[in-house]
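Here is how the chains run, residue by residue.
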Amino acid sequence: MITREGRAKAAALRDRFEAAGAQVVEPPMLQSAELLLDLYGEDIRARAYVTSDALRGEQMLRPDFTVPVVQMHMAHGADPARYTYAGEVFRRQEDDPDRANEFLQVGFEVFDRSDPAVADAEVFALMAQAVAGLDLRAATGDIGILAAAVNGLRTTEARRAALLRHIWRPRRFRALLDRFAGRIPVPVSRKALLANAQPRLGSAPLIGMRSAAEIETRISALHADAAAKPISSGEMDLLDVLMNVRETVPFALSQLRDLTVDMPSISGAVEGLAARSDALVARGVDVDTLDFEASYGRTSMEYYDGFVFGFYAAGRADLPAVVSGGRYDALTRRLGGGAEIPAVGAVLRPGLMAELEKGA
Ligand SMILES: N[C@@H](Cc1c[nH]c[nH+]1)C(=O)O
C-alpha cells in the first residue's frame, strides 16, 4: 500500500536529487507495450499489466521509469543530461501476495559521455547517502565482465550469442554451458533429428507458429552446432572461477586481475572495475568493506550491461532491494535510432525506507 509517509519521502528524495543537478521529469503511467516491453527482462515482461487500446495499440502500466526516460531522452537527441522522477510503478505478483503490485520509486539517471567510472560512482554515492541512516548492505557486480568472458570463449559465434542471451537466466545459462562443453548428453529427440544427414520437413503437417523455412533454418543451425567442438574443460574451469568471485572490491579486483592472465578477453572490463573502485573512493565510499559478486545482478533488468548494484535491509531477506540500479549503455542505442550515449542510474523505494525507519 502506498502511504502518506511514503509519498512525503518520495517528494523529499526527488527534491534532493534535483538539488544534486537533475531535471525533474514525469513520464506517463501508460506506456506502449508493443514498443517497449521487450526491453525488459523475462520476469518484468511476465509481470507487466498490459491492456489493449484500439487507437494506440497495446498499452502497459509502466513497470519502471528507466525505459520511458531513455526513450524520452533519445527522442530529443543524445546530449548529456541528468534526470530525476518519483511515482508509482506496477508489477503483478504471482507467488507472493505480500509483495506490493504497485509501489513508489524515486530515481536518478545520468547520461554522460565523459567518464563511465565517475558517473557510476556519482550514482552509487548519491544513493548511499540517501539511505545512510538505515542498516543496509550493498552488493555490487558487473555484467560487462561476464559478457566479456563469454565473448572470449573459443567456440562458435552462435554458441556465444546463445550464452549472452541467457546471462539473465543463470540455470538456463549453466545448462547451455554444460551442453556446449559436452558434459550432458544430447537429448534423444535431438540425436534422432541429427542422425538424418539431410533432414527436411517433407510432408509433415505444419502445426506450430513457425513456417517451414524457419523450421529448416533451425534444423540446419542444430546440425552446425552438433559439428562444433566442445568448449574445453580449461575454459569451463576459468568461467567457474570467474562466476564464483565473491569478495570485497579490492580482493575481487586482485582475483580478477589474476584471471586475466588466462582470460585476456576480460581485461578491459576488469580495468573498468579498477577505475570505478578509484572513483568510488574519490566519492568517499569505503570500498574495503564493499562486496563485489561476479554473478550479481543476473536476474534483474536485462538492459544492464555494466555496473550493477543494490542495497538490502540487513537480516531481512524477505524484503526486496531498497535501492537498485546499474549501467545500460546499449539501451540508449536501441532507443536512439542511430544515436547513443553511455548511461547509468538507480531507484530508491521510499515506501520501504519509511517502513524500515518506523521499525528502527
Ligand atoms: N529501473 C530500474 C532501476 C534503475 C534505474 N536506473 C537504472 N536502473 C528498476 O526499476 O529496477
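In every chain, residue numbers begin from 1 and rise along the written sequence. Local features in this predicted model are restricted to residues of pLDDT 70 or higher, and side-chain atom pairs are both shown and tallied only at a pLDDT of 80 or more, whereas totals for entire chains, interfaces and linings draw on every residue. Heavy atoms throughout the structure, all of them, feed into the side-chain values; hydrogens and water do not.

Asker: Explain the overall build of the protein chain to me, using residue names and the numbers behind them.
Answerer: The secondary structure listing takes helices from DSSP runs of H or I that are at least 4 residues long and strands from runs of E that are at least 2 residues long, numbered from the N terminus. A tally of regular secondary structure across the protein chain gives 15 helices and 12 strands. In terms of overall dimensions, the protein chain is globule-like: its C-alpha atoms have a radius of gyration of 22 Å, near the 21 Å expected for 360 residues. Projected onto its principal axes, the C-alpha coordinates of the protein chain cover approximately 65 × 55 × 40 Å. Relative to its 360 residues, the protein chain shows a buried fraction of 47%. In the protein chain, 70% of the contacts between residues at least 6 apart in sequence involve partners at least 24 apart. Surface exposure here means Shrake-Rupley accessible area, sampled with a 1.4 Å probe, where a residue is shielded only by the protein chains that are shown. By element, 52% of the accessible surface of the protein chain is carried by carbon and sulfur atoms, the whole surface being about 18000 Å². Each radius of gyration reported is based on C-alpha atoms, and the globular scaling rule is 2.2 Å times the count of residues to the power 0.38. Buried residues are those whose accessible area, probed at 1.4 Å on protein chains only, stays under 20% of the maximum for their type, while exposed residues exceed 50% and partly exposed ones sit between those limits. Two residues qualify as a contact provided that any one of their heavy atoms is within 4.5 Å of a heavy atom in the partner residue.

Asker: An account of the packing of aromatic side chains is requested, with residue identities and associated values reported.
Answerer: Between the rings of Phe, Tyr and Trp (Trp by its six-membered ring), a pair exists once the centres lie within 6.5 Å; its type follows the angle of the planes, with under 30 degrees stacked, over 60 edge-to-face, and the other angles tilted. All told, the structure shown has 12 aromatic pairs when counted by the stated rule. Relative to Tyr 304, the ring of Tyr 303 lies with its centre 5.1 Å away and its plane at 85°, an arrangement referred to as edge-to-face. Here Tyr 303 and Tyr 304 have matching classes, each one buried. Charge-over-ring placement is defined geometrically: NZ (Lys) or CZ (Arg) within 6 Å of the ring centre, and within 35 degrees of the ring normal. Directly above the aromatic system of Phe 173 lies the positively charged group of Arg 298, at a separation of 4.7 Å from the ring centroid. For the cation-ring pair, Arg 349 lies above Phe 103, with the distance from its terminal atom to the ring centre recorded as 3.6 Å.

Asker: Give me the lowdown on the UniProt feature "binding site: L-histidine" (unreviewed entry) in the protein chain, citing residues and values where you can.
Answerer: UniProt positions are given in the numbering used here, feature names are shortened, and annotations may be inferred rather than shown by experiment. The sites that carry the UniProt feature "binding site: L-histidine" (unreviewed entry) are, in the present numbering, Asp 64, Phe 65, Thr 66, Arg 91, Gln 105, Glu 109, Arg 298, Tyr 303 and Tyr 304. Locating Arg 91 in the fold gives a position in the loop between strand E5 (81-90) and strand E6 (102-111). Here Arg 91 falls in the buried class, since its relative accessible area comes to 12%. If sequence neighbours within four positions are ignored, Arg 91 has contacts with Ile 44, Arg 47, Tyr 49, Pro 63, Asp 64, Ala 100, Asn 101, Phe 103, Gln 105 and Met 301. N or O atoms closer than or at 3.5 Å make up a polar contact, with two conditions inside protein: a donor-capable atom paired with an acceptor-capable one, and, for residues adjacent in sequence, both atoms drawn from side chains. Separated by 2.9 Å, the side chain of Arg 91 and the backbone oxygen of Pro 63 make a polar contact. Overall, the relative accessible area of 6% leaves Arg 298 in the buried class. Contact partners of Arg 298, with chain neighbours within four places excluded, come to Ile 143, Leu 146, His 166, Ile 167, Trp 168, Arg 169, Pro 170, Phe 173 and Met 243.

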